[in-house]
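# Results of the structural survey
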Amino acid sequence: MRLIINKIFLALSVLSAIIGLSFLAWILITLFIKGLGSFHFNLFLNDLIDGGLRNLIIGQFILAGLAASIGIPLGMAAGIYIQEYGRGSFTSLIRNLSDIMMSAPSIVIGAFVYAVVVIPTGGTSGFAGAIALAIMMIPVVINTTDNMLSLVPRELREAGIALGASKYRVILDIVIKAAKVGIMTGILLAFARIIGETAPLLFTSETSNYFSLDLTESFPSLTVSIYDLANEPEESSRDLAWAASFILTVLVLVINLVGRFLTRTKG
Amino acid sequence: MEKIFQKLSLASASLVFVILVGIFITLFNSSKVAIDEFGFDFITNTDWNKDITIENKYDGIINEEDTEEDDDSMLFDEDDEDLNTKTVFGGLVPIVGTLLTTLIALVFALPIAMGIAVFLAEIAPKNISHVVGIAIELLAAIPSIIFGMWGLYYFAPIVADLVGGYQVSLLTAGLVLGVMILPFMAAITRDSMNTTPSVLKESAYALGATKFEVIKDIIFPYSKTGIIGSIILALGRALGETMAVAFLIGSIFVLPTAINTPTISIPVAMANNFGEASGLGESALFYLALLLFLMSFSIISIAKLYFLKKVH
């Protein structure tokens, strides 16, 4: 009897894994069939107004890139403070708040940025979108930096201090170097996460049918346009949405795999 | 230099605090108009953007008119001077929609996620566990808008065929949400299970216990708090999910009469109405955002502070 229960239990567990994997396969196959079906190289050459995706892809990269250039230095500095300088209740408060912020609903962050950036500046803008994405990225970078620095052995720091280096030199030249691979992986995963975000951009950057580098205006966004296109009645718009989804997913998964590959080869 | 570096990193760390407090204050300020107007009745009122007409002549008689209807369909006398209209916003429908979709997602995802976690942590050989683990994490990395599109065009029709009812409904939204939180829940549950010391497991096996018994009597009790914490964390994530639900819930401000009928959730109400809203309507949306933020804040705090203290 015990053995039968054991068998049933193990079978159920394997079944769960199969169910999980089938969902992944189902989504990927759908994307491949629908996405590749409407995929065309011209999508990279034309803007949305001419039935292409060029402006959207570039726009999404600019938004995420700008967010990363705000979020990475701030997140890393905060992570360094928590791990290297801070002690006591303030540090653990920041650590907990950062964890909470990591799980805060992205649409609420969008609403926050709408209230503090979009309304005062008089309209949606690329800057507002990038700020919303940066707020999403900061806690992830803090978490990674904090965790990776905690893995660096004490002896390395002590050796640096013993050689007469000042603390910030030790942190920058020894501790960060030792944790480099781990931190880079975390940052890549964080970047993959924000580049696929839609909700925080809906009413901050919105999207645009035209190519634009002007961050003070509504800014082209791949994800927001997928949402708009998918809700349109015409078949052609939805096909375009599938092609865009395919490109987005490939992008996100490739960044993810690169991140994992990095840790595997070096870590 | 040392001082500057330390001050800069302290400032960055404080920024987290400033942003979170800033979110609270901003949401509260922006929803002030709606809070003053509706108070806590907002939470129990099902009407959203409805003009309630109060005819003073016959007090007690109230006509309700949907604002979106054309003027010529209005029934009341337009030259009546004692006519008083006021627009009412209530949050009950999206609040119920949010809670129910999250509940459905949880009921659906929980057993499968536990099964996957057990498979990854205890059953599969190392290399298979590694590959399946990566696949599950990739599922977690797929952007939520993709789940929404796939759910609407491929998953929902099948569910609607099996269960009947609408393709856009509480049920289909909840199930797709469940698929979304599944890998997240499985991954952290596996991590909690992996913290069980192997000495404990090995001594149980040495006593002749089956795998099921080891999992049930050793691993589960040992990693219980971590597992509960990860479930609550997944719940917090499901509450605030926007895009996957936006495609599937139907987006109408009507209380669901059955599990397979459409309704709306807080994030979706915000996503669809923020652009057009102004004045009282916008403030009411901020009120919803504040409620959502409070819900997820408290849920995540409980998970982090109480259950996930030691587990990472």
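Residues numbered from 1 in each chain as written. Chains lettered and ligands numbered in written order. Predicted model: local features only at pLDDT ≥ 70, side-chain atom pairs only at ≥ 80, totals over all residues. Heavy atoms only, no water.

What follows is about the overall build of chain A. When helices and strands are counted, chain A shows ten helices and zero strands. Ordered by position from N to C terminus, the α and β elements of chain A give α-α-α-α-α-α-α-α-α-α. Principal-axis analysis of the C-alpha atoms places the extent of chain A at approximately 70 × 70 × 35 Å. Sorting the 267 residues of chain A into buried and exposed places 54% on the buried side. Long-range contacts, defined here as pairs at least 24 residues apart, represent 75% of the contacts in chain A between residues at least 6 apart. Computed over 17 positive and 17 negative side-chain charges, the inter-centroid distance for chain A is 18 Å. (Helix = DSSP H or I, 4+ residues; strand = E, 2+ residues; numbered from the N terminus. Buried < 20%, exposed > 50% of the residue type's maximum accessible area, 1.4 Å probe, protein only. Contact = heavy atoms within 4.5 Å. Lys, Arg positive; Asp, Glu negative; His and termini not counted. Charge placed at Lys NZ, Arg CZ, Asp CG, Glu CD.)

All right, on to the overall build of chain B then. Helix and strand counts for chain B stand at twelve helices and three strands. Split into buried and exposed, the 312 residues of chain B put 53% on the buried side. Considering only intrachain contacts with a sequence separation of at least 6, the fraction spanning at least 24 residues in chain B is 76%. Roughly 13900 Å² of accessible area belongs to chain B as shown, and the carbon and sulfur atoms make up 61% of that amount. (Areas by Shrake-Rupley, 256 points an atom, 1.4 Å probe, with all protein chains shown as cover.)

A few words on the interface of chain B and chain A. In this assembly, 78 residues from chain B lie in contact with 79 residues from chain A. Between chain B and chain A the total buried area reaches about 7000 Å² when both faces are included, carbon and sulfur atoms providing 79% of it. B:Glu213 is paired through a salt bridge with A:Arg2; the nearest N and O atoms lie 2.7 Å apart. Here the element with the most residues in the side of chain B that touches chain A is helix 1 (residues 2–30) of chain B; it accounts for 18 residues. Considered class by class, the residues forming the side of chain B that touches chain A number 55 nonpolar, 17 polar and six charged. (Buried area = accessible area lost by both parts, 1.4 Å probe. Salt bridge = Lys/Arg side-chain N within 4 Å of Asp/Glu carboxyl O. Nonpolar A, V, L, I, M, F, W, Y, C, P; charged D, E, K, R; others polar.)

This brings us to helix 4 (residues 92–123) of chain B. With 32 residues, helix 4 of chain B should reach 46 Å at 1.5 Å per residue; the first-to-last C-alpha distance of 45 Å fits that figure. In helix 4 of chain B, a bend of some 35° at B:Ala109 exceeds every other bend along the element, and B:Pro111, a proline, comes one to four places later. (Expected span 1.5 Å × (residues − 1). Bend = angle between axes of the 7 residues up to and from the residue.)

The biggest cluster of nonpolar side chains holds 187 residues, and the ones touching the most others in it are A:Leu53, A:Ile107, B:Leu27, B:Phe42 and B:Phe147. Top contributing element to this core by residue count: helix 4 of chain B, with 15 residues. Excluding residues that lie within four positions of it along the chain, B:Phe42 makes contacts with B:Trp48, B:Phe89, B:Gly90, B:Gly91, B:Leu92, B:Ala284, B:Tyr287, B:Leu288 and B:Leu291. (Core = buried A, V, L, I, M, F, W, Y, C linked by side-chain atoms within 4.5 Å.)

This brings us to a nonpolar patch on the surface. A cluster of nonpolar residues, A:Met1, A:Ile4, A:Ile5, A:Ile8, A:Leu12 and A:Leu15, forms a patch on the protein surface that exposes about 600 Å² of accessible area. Owing to a relative accessible area of 34%, A:Ile5 belongs among the partly exposed residues under this scheme. (Patch = residues over 30% accessible without salt bridge, like charges linked within 9 Å, V, L, I, M, F, W, Y side chains within 5 Å.)

Along the chain, B:Asn260 falls in the loop between helix 10 (243–248) and helix 11 (266–273). Residue contacts for B:Asn260: discarding those within four places in its chain leaves B:Val163, B:Gly164, B:Gly165, B:Tyr166 and B:Ser169.

Residue and element names in this part refer to chain A. Taken together, the side chains of Glu206, Asp228, Glu232 and Glu234 present a region of like negative charge at the surface. Summarising the element assignment, Glu234 is placed in the loop between helix 9 (222–230) and helix 10 (235–266). Owing to a relative accessible area of 40%, Glu234 belongs among the partly exposed residues under this scheme.

When their charged atoms lie close together, side chains carrying opposite charge are able to pair. Applying the stated rule across the entire model yields 15 salt bridges over all chains. Each of A:Arg260, B:Glu137, B:Arg190 and B:Asp191 takes part in salt bridges that share partners, so that together they form one network.

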